[in-house]
Amino acid sequence: MAKLRDKLWLWAQSPDAHYETNNTYNLPGHSRMTAAEGAFYFNIPNVCRVRMMGHPMPPYDQESVPLRPCKQVVWSLLGAGAEPVTEWGDTDEVIKQAKMYDNVVGGVFDDFFLQKRIEFYTPDKLRAIKKRMCDGVGRNLDMWVVIYEDKLDNVANIADYLDAFDVLTFWTWEGKSLNRAEANIDRIHKLAPGKSVKMGLYMWNYGEHCPFTVEDMKSQCENDLRMLKEGKIDGIILCSNCIADLNIEAVEWTRNWLFEHMDDEI
């Protein structure tokens, strides 16, 4: 039987990526922790390595080397919202990494449901990217996407887009909306039956530019573990290494909680 550790992923970005250029989210300092260091720090075996603030820049060869011990790695097909929209995104770079390393199992579209992105990457285009990726490697690679609550409400044909992806990751941007997280997971299952659904777990309240309390983290972690055991979600994605070395109480509490529950059977 699978254990919690098998279902954990790290949403891994470059050091200080969340500080951006002017500390938009009001973080308490600068980070220096890398993706690989974050995976080791939290003892998480699986990594989504996501481009943000222009980093990392292709080629990703050197970034992939320290991720070789990871069980599974998913690389950016399209990074965070400010990253440019191009014909194939970073598909060819994902193909290259997957040819080099068997632990590369997919690619992810971050901040996908922005108007410019959904206009360019139609459902048919997304399916073409998936085919190009798999054909280029000679094996299946899953295609992931990030979803937020407001996009569930405001993208009229969202079900058509979700159908083109293999793995749907849901994130609650504002702490005040955490009480709707499970209901939103239920909505996603209705929109995209049969898809893999994973829950994003923020350790900082980015939407409201402030810390989460320990009580906030306890509620999130316990609810996510329950949903894992019930089969409502099939993974939890922890965000992120680039706030893990800032002496944030919620981060340290979450790390300790994970270590206590790593061997819980799912």
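For the structure given in this document, a descriptive report is provided here. (Residues numbered from 1 in each chain as written. Predicted model: local features only at pLDDT ≥ 70, side-chain atom pairs only at ≥ 80, totals over all residues. Heavy atoms only, no water.)

Here we look at the overall build of the protein chain
In plain terms, the rule: Only DSSP runs of H or I covering at least 4 residues are called helices, and only runs of E covering at least 2 are called strands; the numbering of each starts at the N terminus. For the radius of gyration, the atoms used are the C-alpha atoms, and the globule rule reads 2.2 Å times the number of residues raised to 0.38. Per-residue accessibility, obtained with a 1.4 Å probe over protein chains only, is compared with the maximum for each type, and a residue is labelled buried under 20%, exposed over 50%, and partly exposed between these values.
A count of helical and extended segments in the protein chain gives ten helices and ten strands. In terms of C-alpha radius of gyration, the protein chain reaches 17 Å, essentially the compact-globule figure of 18 Å for 266 residues. Across its three principal axes, the protein chain shows a C-alpha extent of roughly 45 × 45 × 40 Å. The buried share among the 266 residues of the protein chain stands at 54%.

Things to note about the pattern of salt bridges
Convention followed: For this analysis, a salt bridge means a side-chain nitrogen from Lys or Arg found within 4 Å of a carboxyl oxygen belonging to Asp or Glu.
Going through the model one piece at a time under the given rule, you end up with 23 salt bridges. Among the salt bridges present, the one from R5 reaches D263, with a minimum N-O distance of 3.1 Å. With a gap of 258 residues between them, R5 in the segment before β1 (8–12) and D263 in the segment after α10 (249–261) connect regions that are remote in the sequence. For D124, the salt bridge is made with R127, and the minimal N-O distance between the two is 3.6 Å. You can see D124 and its partner R127 sitting in helix α5 (residues 123–137), three residues apart, about one turn around the helix. The exposure class of D124 is exposed, given its relative accessible area of 60%.

Overview of the nonpolar core
Our working rule: Put simply, a nonpolar core is a bunch of buried Ala, Val, Leu, Ile, Met, Phe, Trp, Tyr and Cys residues held in one set by side-chain atoms that sit within 4.5 Å of each other. Contacts are residue-level and defined by heavy atoms, with any inter-residue pair within 4.5 Å sufficient.
Of all hydrophobic cores here, the largest spans 90 residues; its most connected members are F109, F112 and F113. Sort the elements by how many residues they give to this core and strand β5 (residues 142–148) lands first, with six residues. If sequence neighbours within four positions are ignored, F112 has contacts with R117, I118, Y121, L126, V145, V146, Y161 and F165.

Examining the pairing of strand β2 (residues 46–49)
Using the following cut-off: In this description, strands pair whenever DSSP reports at least two bridges between them. With the strands aimed away from the viewer, a crossover counts as right-handed if its path from the first strand over the helix to the second runs clockwise.
Because side chains alternate across β2, one face comprises the buried residues N46 and C48, and the other comprises V47 and R49, equally buried. Strand direction decides the pairing type here: β1 and β2, joined by four bridges, are parallel. Looking at β2, one finds that A12 is bridged to R49. Tracing the backbone out of β1, into helix α1 (residues 35–42) and back to the parallel element β2 gives a crossover that is right-handed. The pairing of β2 with strand β3 (residues 72–78) spans four bridges and is parallel. Looking at the pairing, V47 lines up with V73 of β3.

Some remarks on the packing of aromatic side chains
Which entries qualify depends on this criterion: Only rings of Phe, Tyr and Trp enter the pairing, Trp through its six-membered ring, and a pair is recorded when the two centres are within 6.5 Å. The plane angle decides the type: under 30 degrees is stacked, over 60 is edge-to-face, the rest tilted. Comment: the charge-over-ring label is applied if NZ (Lys) or CZ (Arg) is within 6 Å of the ring centre and within 35 degrees of the ring normal.
For the coordinates displayed, the defined rule picks out 20 aromatic pairs. Ring geometry for F112 and F113: centres 4.9 Å apart, planes at 80°, overall edge-to-face. Accessibility classification places F112 together with F113 in one group, the buried group. Three or more aromatic residues joined by ring pairs make a cluster, and in this case those are W11, Y25, Y148, W171, W173, Y202 and Y206. Taking the ring centre of W88 as reference, the NZ or CZ of R132 above it sits at 4.3 Å. The ring centre of Y41 lies 4.2 Å from the NZ or CZ of R255, which sits over that ring.

Here we look at the environment of A250
Mapped onto the elements of the fold, A250 is located in helix α10. Expressed as a C-alpha distance, the spacing of A250 and E215, which sit 35 residues apart in the sequence, is 8.7 Å. Look past the residues within four positions of A250 in its chain and what remains in contact with it is M203, F212 and M217.

So, the sheet that holds strand β7 (residues 196–202)
Our working rule: Every axis in this analysis is a line fitted to C-alpha atoms, fitted for helices over the stretch in contact. Angles between the N-to-C directions lie between 0 and 180 degrees.
Around the barrel, eight strands lie side by side as β1-β2-β3-β4-β5-β6-β7-β10; this closed barrel has parallel pairing. Between one strand axis and the next, the sheet turns through 30° on average, direction left out of account. The sheet strands contacting helix α3 (residues 91–100) are β3 and β4 (104–109), and the helix crosses β3 at an angle near 160°.

A few points about the side chain of N103
Rules: Polar contact is the term for a pair of N or O atoms within 3.5 Å; when the atoms are in protein, one must be able to donate a hydrogen and the other to accept it, and sequence-neighboring residues count only if both atoms are side-chain atoms.
Summarising the element assignment, N103 is placed in the loop between α3 and β4. Accessibility expressed as a relative area gives 11% for N103, which makes it buried. Within the structure, N103 has its side chain in polar contact with the backbone oxygen of R68 (distance 3.5 Å). Excluding anything up to four places from it in sequence, N103 contacts L67, R68, C70, K71, Q72 and V73.

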